[in-house]
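# Observations on chain architecture
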Amino acid sequence: MRLSTKHQNQQQVEFYDFTGGLNTATTEEQIAENQLSRCINFEVQTITGLLKTVDGTKIKYRIPAHSDYKITSAAYDTLNDHIVLFADNGIVFSSKLSSDFSKVVQIGRLSGCLKPITTVWEDGLIVASGGLLQYIAGYQMKTISTAPKQCNGCYVRSGRVLVFDDETIRYSGVGDEENWTENSNDPSASVFVEAGYKAGGKIIGMVNMSSDILIIKDNGMLFRLAGEFPDWQIHEVARNVECKSRNAYCNVLNNTFILGTRRLQAITTTDEYGSMKPADIAQNVRRELGKLGASVSVRYVAPLNQLWILDGTENVLLYDLNVQGFFKRLFNAAVTDVLAIDEDVYVIKEDGVDVLDEFSYTDEGKPLEYDLQMKTHISHYNYLLKRIVLACTGFADSGTTAALHIGRSIKVPIPVQYIAGLDSLVYGNTNFVYFNNDYVFNTELRRVVYSNQDDLVYGNIEYVYDNEQYVLDYDSYVISDKRIRYRDKSIRIKLYGNGCKFILNKIKLDVVEV
């Protein structure tokens, strides 16, 4: 670029596309324009593709005070509409979801000491935890005494329950989870198959892969079980596909994601020789994967179309399947599991259950901290920054600390719509006024009545005057346009703070190299 003392060669640096996600594999100067060197508590909005702050949480259930156990995982009993909670001491709890955790019942204890793996079967859930197979239906739990003594995992296929130990996969009798008796003259009786005869290693997982079963071993080998008994076949699919734990894999449609120490491999069915092709999709976050603990879990969160990588801490690494980029969440308490039920996302913590709430930006009653750092531009000479335009959609209260920081001295507060009183526009506002407990005049009855309804403001006959509930326009597009004079060798852009939810529409800088 030709230097200029008159600044006629001014250029614009604009940031609005961050679909590349997190990239910590290289320096902040070398990442792509749509990538981030630091990204905490931001994610990509599905509809617009813009970056937004993550949703906060709302408390649904907390275990009794002074309890001597912690919740380590959970499962959803679809047919009975129950959430099942598993504690670190083996105790199992169940609660009907529609009752909003008003009744949480201890229904039994796990037969093994491994983190349970569950699958839907008949009218409930089959549970495998390293001991005898167990069955849960609503508030009832039973142990299947006829099952194999070591059931490390479970799976359902063709009307049979499949379990595996270190070396063998066993099929129950057809339609009967209690029938594990083998009979060579009866094709509907229990059968077994070995995965990788004399290949070494232990089986740590089974997952659906198109019309086949993908078998994962702890020595990095993958096998594919195709067909049904007696016309089944086992083939080796790949080697050196490390799986970090027995919960470090996840199936999404025709893709299986397997997490290793520093890799996340996607196994995809292909037409190439009828095989399956593994590919490492996490090269940009190898450093982040290396920090994860040994008991890490991978979960698919369907409402967000994200993979959540959990290791029992406050940090959660997200993989957005829409944009194929990584992002990070930082809760205010350790997260042990996550459940996607219809359009709700339940966050399982050591002491209870929360649910994501799009109208909240707090967790555990404390604001969520967020932190963002974009690509740093470096000049051979000097950059002169002359103007900053920051556009957001969102709202906040007076306690927000959110601000854009450029270099060592420039600070631009987030230009959100403050709620300083009842001075927001009402006409055309379709937002809810929650818990409206004011006395209002009913035109039909022609008298003042007591209202406890969550009616819309727009088109609502109720009086707004003297209503203490906030009326806010969440879709307000607000811009901060500042003219400044800042000179430096580089332009480093950060955004951090807490106290508000917003969508980052764009950041535009007017700079010239001098």
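Residues numbered from 1 in each chain as written. Predicted model: local features only at pLDDT ≥ 70, side-chain atom pairs only at ≥ 80, totals over all residues. Heavy atoms only, no water.

### Some points on the nonpolar core
Note on soluble globular proteins: their nonpolar side chains tend to be buried together. One finds L133, W308, F502, L504 and L509 to be the most contacted residues of the largest nonpolar core, which totals 92 residues. The greatest single-element share of this core, amounting to six residues, is contributed by strand β46 (residues 500–513). If sequence neighbours within four positions are ignored, L133 has contacts with I126, V127, A128, T143, I144, A147, P148, C151, C154, V161, V163 and W180. Core analysis: the second largest hydrophobic core is formed by 19 residues, I71, L85, L339 and V355 among them. (Core = buried A, V, L, I, M, F, W, Y, C linked by side-chain atoms within 4.5 Å. Buried < 20%, exposed > 50% of the residue type's maximum accessible area, 1.4 Å probe, protein only. Helix = DSSP H or I, 4+ residues; strand = E, 2+ residues; numbered from the N terminus. Contact = heavy atoms within 4.5 Å.)

### Considering unusual backbone geometry
A cis geometry characterises the amide bond from F229 onward to P230, with omega recorded as 5 degrees. Here P230 lies in the loop between β22 (222–226) and β23 (233–238). Look at E122: it is not a glycine, yet its phi comes out positive at around 55 degrees. Position of E122 among the secondary structure elements: in the loop between β12 (117–121) and β13 (124–128). In the Ramachandran plot, E364 falls in the positive-phi region, its phi being about 60 degrees despite a non-glycine side chain. Along the chain, E364 turns up in the loop between β35 (362–363) and β36 (366–367).

### Observations regarding the pattern of salt bridges
Evaluation of the coordinates by the stated rule reveals 24 salt bridges. Two residues, E228 and R157, come together in a salt bridge whose shortest N-O distance is 3.1 Å. Of this pair, E228 sits in the loop between β22 and β23 while R157 sits in strand β16 (residues 153–157), and the two are 71 residues apart along the sequence. The exposure class of E228 is partly exposed, given its relative accessible area of 32%. Linking D212 and R224 is a salt bridge whose minimum nitrogen-to-oxygen distance equals 3.7 Å. With D212 in strand β21 (residues 212–217) and R224 in strand β22, this residue pair connects regions lying twelve residues apart in the sequence. For the pair D212 and R224, a shared accessibility class is recorded, and that class is buried. Look at the salt bridges and you will find they share partners, linking R62, K349, D351, D354, D363 and E364 into a network. (Salt bridge = Lys/Arg side-chain N within 4 Å of Asp/Glu carboxyl O.)

### A word on the sheet that holds β22
In space, the four strands of this open sheet follow the order β20-β21-β22-β23, with antiparallel pairing throughout. Edge positions in the sheet fall to β20 (203–209) and β23, since each has one partner strand and no second. Ignoring strand direction, the axes of neighbouring strands in this sheet form an average angle of 25 degrees. Relative to β22, β21 runs antiparallel, the two sharing four bridges. In the strand pairing of β22, I216 is matched with L222. (Pairing = 2+ DSSP bridges. Axes fitted to C-alpha atoms, helices over the stretch in contact; angles between N-to-C directions.)

### Observations regarding the sheet that holds strand β33 (residues 344–349)
In spatial order, the strands read β7-β34-β33-β32; together these four strands make up an open sheet with antiparallel pairing. The sheet is open, and its two borders are formed by β7 (56–62) and β32 (335–341), each paired with just one other strand. Here the average twist between neighbouring strands, direction ignored, is 30 degrees. Both β7 and strand β34 (residues 352–357) contribute to a ladder of six bridges, which runs antiparallel. Bridging from a neighbouring strand, T57 pairs with L356 of β34.

### Looking at the confidence of the model for the chain
Caution applies to low-pLDDT parts of the model: their predicted coordinates are not meant to be read in detail. When pLDDT is averaged along the chain, the result is 84; 84% of the residues meet or exceed 70. Here residues 450–459 scores under 50 on pLDDT; set against residues more than four positions off or in separate chains, the count is 31 contacts. (pLDDT = per-residue confidence, 0-100.)

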